[in-house]
Amino acid sequence: MFDAAVDPAFGSGADESAPTRAVSPGPGERSSETRHRHSLRPRCADRGQTGAVDVAVDLVVPVKELRRAKSRLAPAVADLPGDDADREQAHRALALALARDTLRAARAAHRVGRLVVVTAEPAERLGAGGELVRDEGGGLNAAVRRGAAHLHGAGARAVAALQADLPALRPEELDDALRRASALFAGGAGAAFVADHAGTGTTLLVAAPGRPLRPRFGPGSAWAHARSGAVALDGDWPGLRGDVDTVADLARARALGTGPATSAWCDDHAARSVTDHAPAPTPGGY
Ligand SMILES: Nc1nc2c(ncn2[C@@H]2O[C@H](COP(=O)(O)OP(=O)(O)OP(=O)(O)O)[C@@H](O)[C@H]2O)c(=O)[nH]1
Ligand SMILES: C=C(OP(=O)(O)O)C(=O)O
């Protein structure tokens, strides 16, 4: 069904095929993978006394074709041994790892209902449960609109778009942001967004139930979304705000604790590059 534009379910939601090697922890520390896994445990507090899941939104996640993705991360592979083809393959593997970890966390969030991935990649490559809508070109905002149209066409709840480069995302961060968005919608807001760690970009855009998602992703998108009437969400969500565009961003995400795919990639390919670009520790720096 993939070539019919929509693949209704790909994968099980589990990430069985992802590498699971842990990051070496320091003395007395848990590894970043251990911390991430810990965060994926079911959280009873997010469920009512009946055990019913409090679903708030359906989610669109755009994933760019890997061979064109994450060009600003080229320095992460520049020093790797081998030839250009080896480095290109490592670069694609890094973009894939970021997306897989993002999807893994999004799928584990209790408030996420349907999850739609818009991509030109084969379904099985992404390794996360959800529906797949084919990317027909036109760029990021066109891909988001395509995913939202798919959801609205099927009669959706509130719809959100989440960037796919958030390897330190924790499900509870996404749940908390969606909860706060729902509270704003109850007060009459039509849309809300989460700015990235720099404050200029956007990692999550949410439209209220029955309202269209109007994506303005791209440089300066936080300002563009605010100007369109979306409300900036406050919250201490370093993983949710931690989009990875550069090697320094990757180091920052590693310090937070990335998911298993990105952790394994860094262990296998880029430990030296990441260490070289690691920022000084800045607790609460987001
Ligand atoms: N489906 C789809 N997703 C996209 C497209 N462009 C960007 N994205 C996704 O949108 C998110 C944010 O995009 P960027 O951070 O600009 O990623 P990028 O274009 O791969 O990175 P750079 O080449 O470094 O600009 C990432 O999760 C991308 O996978 C697109 O044309 N189609
Ligand atoms: C696409 C965006 O930014 P970046 O390319 O910097 O991730 C954005 O923040 O809207």
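Since the structure is predicted, the reported quantities are computational estimates derived from the model, not experimental observations.

Visitor: How would you sum up the overall build of the protein? Please name residues and give values.
Guide: Counting its secondary structure elements, the protein contains ten helices and eight strands. Looking at the protein as shown, the accessible area adds up to about 12,800 Å², and 51% of this sits on carbon and sulfur atoms.

Visitor: If you had to explain the site of ligand 2 to someone new, which residues and values would you point to?
Guide: Every residue close to ligand 2 is listed here: Arg-72, Leu-140, Gln-163, Gly-201, Thr-202, Phe-217, Gly-218, Ser-221, Asp-243 and Asp-245. Here Thr-202 contributes a backbone N or O atom positioned 2.8 Å from an oxygen atom of ligand 2. At 2.6 Å, a side-chain N or O of Ser-221 approaches an oxygen atom of ligand 2. Within the complex, the protein chains bury 82% of what would otherwise be the 290 Å² of accessible surface of ligand 2. Here the residues of the shell around ligand 2 are counted per class, giving two nonpolar, five polar and three charged.

Visitor: Lay out the confidence of the model for the protein in plain terms, naming residues and giving numbers.
Guide: In low-pLDDT segments, the atomic positions of the prediction should not be examined closely. With 73% of its residues at a pLDDT of 70 or more, the protein shows a mean pLDDT of 80. Per-residue pLDDT stays below 50 along residues 1–53; that stretch engages in 104 contacts with residues further than four places along the chain or on separate chains. Counted against residues more than four places away or in other chains, residues 274–286, with its pLDDT under 50, gives 16 contacts.

Visitor: Please set out the site of ligand 1 residue by residue, giving values where relevant.
Guide: Looking at ligand 1, there are 16 residues lining it, with Lys-64, Lys-70, Ser-71, Asp-135 and Gln-163 nearest. The contact in question runs from an oxygen atom of ligand 1 to an N or O atom on the side chain of Arg-72, over 2.8 Å. At 2.9 Å from a nitrogen atom of ligand 1 is found a main-chain nitrogen or oxygen belonging to Val-118. Considered on its own, ligand 1 offers 620 Å² of accessible surface; in the complex 87% of this is hidden by protein. Of all elements in the fold, only strand E2 (57–63) and helix H5 (140–153) reach the threshold of two or more residues within the shell around ligand 1.

Visitor: Just give me the short version of the environment of His-197, but keep the residues and values in it.
Guide: Topologically, His-197 is positioned in the loop between strand E6 (191–195) and strand E7 (202–207). On the basis of relative accessible area, His-197 is assigned to the partly exposed category, the value being 23%. Note: C-alpha distance between His-197 and Asp-249 (52 residues apart in sequence) is 9.4 Å. Polar side-chain contacts of His-197 include one of 3.3 Å to the side chain of Asp-249.

Visitor: Residue-level account of the UniProt feature "binding site: phosphoenolpyruvate" (unreviewed entry) in the protein, with values.
Guide: The UniProt record annotates "binding site: phosphoenolpyruvate" (unreviewed entry) at Thr-202, Gly-218 and Ser-221. These annotated residues cover 20 residues of sequence, and their C-alpha atoms lie no more than 8.3 Å from one another, placing them together at a single site. In this structure, Gly-218 sits in the loop between E7 and helix H7 (221–227). Taking relative accessible area as the criterion, Gly-218 reaches 33% and is therefore assigned partly exposed. Residue position: Ser-221 is located in helix H7.

Visitor: Lay out the pattern of salt bridges with the relevant residues and their values.
Guide: With the rule as written, the count across this model stands at 14 salt bridges. In this structure, Asp-245 engages Arg-72 in a salt bridge whose closest nitrogen and oxygen atoms are separated by 3.8 Å. Taken together, the residues Asp-245 in the loop between helix H8 (238–241) and helix H9 (247–256) and Arg-72 in the loop between E2 and helix H2 (75–78) connect sequence positions 173 residues apart. Salt bridges here are not isolated pairs; linked through shared partners, they connect Lys-70, Arg-72, Asp-165 and Asp-245.

Visitor: Any details on unusual backbone geometry? Residues and values, ideally.
Guide: If you check the backbone angles, Lys-70 has positive phi at about 55 degrees while not being a glycine. Topologically, Lys-70 is positioned in the loop between E2 and H2.

Procedures and definitions
- Residues numbered from 1 in each chain as written.
- Chains lettered and ligands numbered in written order.
- Predicted model: local features only at pLDDT ≥ 70, side-chain atom pairs only at ≥ 80, totals over all residues.
- Heavy atoms only, no water.
- Helix = DSSP H or I, 4+ residues; strand = E, 2+ residues; numbered from the N terminus.
- Areas by Shrake-Rupley, 256 points an atom, 1.4 Å probe, with all protein chains shown as cover.
- Near = heavy atom within 4 Å.
- Polar contact = N/O pair within 3.5 Å; in protein donor to acceptor, adjacent residues only side chain to side chain.
- Nonpolar A, V, L, I, M, F, W, Y, C, P; charged D, E, K, R; others polar.
- pLDDT = per-residue confidence, 0-100.
- Contact = heavy atoms within 4.5 Å.
- Buried < 20%, exposed > 50% of the residue type's maximum accessible area, 1.4 Å probe, protein only.
- UniProt positions renumbered as here; feature names shortened; annotations may be inferred.
- Salt bridge = Lys/Arg side-chain N within 4 Å of Asp/Glu carboxyl O.

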